[in-house]
Amino acid sequence: MNKLLTLSVVERKLFLFTGDMVIVIFYLYLLVNRTLKGTFDSDKHSVTIFIIGIILFSVIAYIIDIYNLERASKPITIFSLSLIVGVLYSFSVFFITIILINTTVSRPYLMVFLALLPFSLTAWRLICSNFFISQPFLKKTIFLYEKNFENDVIDNVSNIEGKNNSNGFNVKLSIATNQEGFKKNPERLKKIIDKIDTVIIRIKNYQEMPKEVEQFLTKSMYFGKEVFTYTSFYESTYEALPLNLLGNNFYEVLHLKNTRSHYIQKLFTKIVDFSLCFVVGIFFGLAVPFVCFFNFFFNKGPLFYIQKRIGKKGKEFRIYKFRSMVVDAEKLGAKMATNNDARITPFGGVLRKFRIDELPQIISVISGDMSFIGPRPERKVFVDQLDKINPFYSVRHVVKPGITGWAQVKYKYGENLDDSLRKLEYDLYYIKNRSITLDLRILFKTITTIIFSRGV
């Protein structure tokens, strides 16, 4: 029974998406067969409306990020996100249909379509959230760890389970992999092996794995249990590389290769940079006179803020932004900006909130020092500090820095060196898994980041 109900993170997302699609298709059917009438030709236009409706919902749902299970783990968050998606989608698909197809509508059915679609999506997701945190839906898990990692067990278990069991795992037992740890629990392990679904192991050197542990893992696989390392679990679940776990295996895990990048990836990057430079350049040109005007009254001083940053191959280049801080912001020395930094002027706060201060960075993209997508460039003073803390930090410089990136859309506002190291996990994941698909995800999530004012 448990095996049929336990779902991984990907399976949970697919389960939610399938239910969403059933609801969306039902209401599209209602739109085509009941709401639209008069001159509407069902045979001619229904397939088009269904295709547009399904694609539109997928795009809106991804941008609003309603499949982020960890973020949407509270009922109030589920309610608000589902309602936003439902309302945006129902009105968008209706107006697009009316624009493309000149037809009349049935007002009673239109009200049903616009009101009940958001309600149905919200109700479906609230029901799922209750099912997902119930025991039958959780994978019963044993966490095996090396004795040296005993101090990290609480954090590791917390990462495995996620907020409100959002990852779908419930750790029933944590055992050290040394012989003493296994000798204390032989009978308990024999009894529990039939009741568990997953074994996650964290060990530094798998060549020195105790024989008892190896036998237990083999037996677990005989019984069809999932067995994987904590590092692989962390990477697949959080889409980041756990720096503190990699140790000597870092380059093996990162899969650094001395080969040329795929030509398609390079071409895609060029197209994205060219296209966005054109679009963002228009906004930049329009923004300059307005920013200059308000800058004169509310933020007196230079219009632009010019600073040196570290780019590809560790070379320094100049980065340009609309100035959002007081003129002498760093008179006491270099300091990272914080979320509620006192150095930010009132008008500068507006520029930052709507990401207007970032627009001049297209100058660096046009000059070839930056790309639109890549790790965020950092200042040399902070790079030197971070290099001393973590020797892998400079790996970020194997690719061009970007205006937006995986770390920016996945992690909160970075305020200190610890946040920078946490973001490094996402930057390295991006370098390892760089692809057109991942770049498209970053572009979509950047829209979410701007809408909800998340990230840096």
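Residues numbered from 1 in each chain as written. Predicted model: local features only at pLDDT ≥ 70, side-chain atom pairs only at ≥ 80, totals over all residues. Heavy atoms only, no water.

**What to know about the packing of aromatic side chains**
At step 1: A complete count under the given rule lists 27 aromatic pairs for this structure.
At step 2: Ring geometry for F284 versus F304: centroids 6.4 Å apart, planes at 55 degrees, classification tilted. With F284 in helix α13 (residues 263–298) and F304 in strand β7 (residues 304–310), this pair connects stretches of sequence that are 20 residues apart.
At step 3: Their ring planes at 15 degrees and their centres at 5.5 Å tell us that F304 and F322 sit as a pair that is stacked. Pair noted here: F304 is in strand β7 and F322 is in strand β8 (residues 316–322), with a separation of 18 residues, a long-range link.
At step 4: By relative accessible area, which is 30% here, F304 ends up partly exposed. (Phe/Tyr/Trp six-rings, centres within 6.5 Å; stacked < 30°, edge-to-face > 60°. Helix = DSSP H or I, 4+ residues; strand = E, 2+ residues; numbered from the N terminus. Buried < 20%, exposed > 50% of the residue type's maximum accessible area, 1.4 Å probe, protein only.)

**Side note on the side chain of S82**
At step 1: Along the chain, S82 turns up in helix α4 (residues 75–100).
At step 2: Residue class for S82 comes out buried when judged on its relative accessible area of 3%.
At step 3: Discounting chain neighbours no more than four positions away, the residues touching S82 are L121, T122 and R125. (Contact = heavy atoms within 4.5 Å.)

**What to know about the pairing of strand β5 (residues 198–202)**
At step 1: Within β5, 5 of the 5 residues are buried, which leaves it mostly tucked inside the rest of the structure.
At step 2: Burial along β5 is two-sided: the residues T198, I200 and R202 and V199 and I201 are all buried.
At step 3: Bridge count between strand β3 (residues 139–145) and β5: 5 bridges; the pairing is parallel. Looking at the pairing, Y145 lines up with R202 of β5.
At step 4: Each parallel crossover has a hand, and the one from β5 via helix α9 (residues 211–222) to strand β6 (residues 226–229) is right-handed. (Pairing = 2+ DSSP bridges. Right-handed = clockwise from strand over helix to strand, strands pointing away.)

**A word on a nonpolar patch on the surface**
At step 1: A contiguous nonpolar patch, built from V47, I51, I55, V59, L440, F444, I447 and I451 and spanning about 660 Å² of accessible area, is present on the exposed surface.
At step 2: Going through the elements one at a time, α3 (42–64) and α19 (436–451) are the ones with two or more residues in the nonpolar patch.
At step 3: As for its placement among the helices and strands, I447 is situated in helix α19.
At step 4: Assessed through its relative accessible area of 37%, I447 is described here as partly exposed. (Patch = residues over 30% accessible without salt bridge, like charges linked within 9 Å, V, L, I, M, F, W, Y side chains within 5 Å. Areas by Shrake-Rupley, 256 points an atom, 1.4 Å probe, with all protein chains shown as cover. Salt bridge = Lys/Arg side-chain N within 4 Å of Asp/Glu carboxyl O.)

**Digging into the packing of α13 against α19**
At step 1: Packing of α13 against α19 brings their axes to within 10 Å, and their N-to-C directions diverge by 25 degrees. Comparing their axes, α19 and α13 come out roughly parallel. Along the contact surface, α13 presents I264, Q265, F268, T269, V272 and L276, while α19 presents I436, D439, L440 and L443.
At step 2: Residue classes in the contact of α13 with α19 are distributed as 7 nonpolar, 2 polar and 1 charged. (Axes fitted to C-alpha atoms, helices over the stretch in contact; angles between N-to-C directions. Parallel < 35°, antiparallel > 145°, perpendicular 65-115°, else oblique. Nonpolar A, V, L, I, M, F, W, Y, C, P; charged D, E, K, R; others polar.)

**Looking at a positive patch on the surface**
At step 1: On the surface, K266, K270, K312, K313, K315, K400 and R434 cluster together into a positively charged patch.
At step 2: Position of K266 among the secondary structure elements: in helix α13. (Lys, Arg positive; Asp, Glu negative; His and termini not counted. Charge placed at Lys NZ, Arg CZ, Asp CG, Glu CD.)

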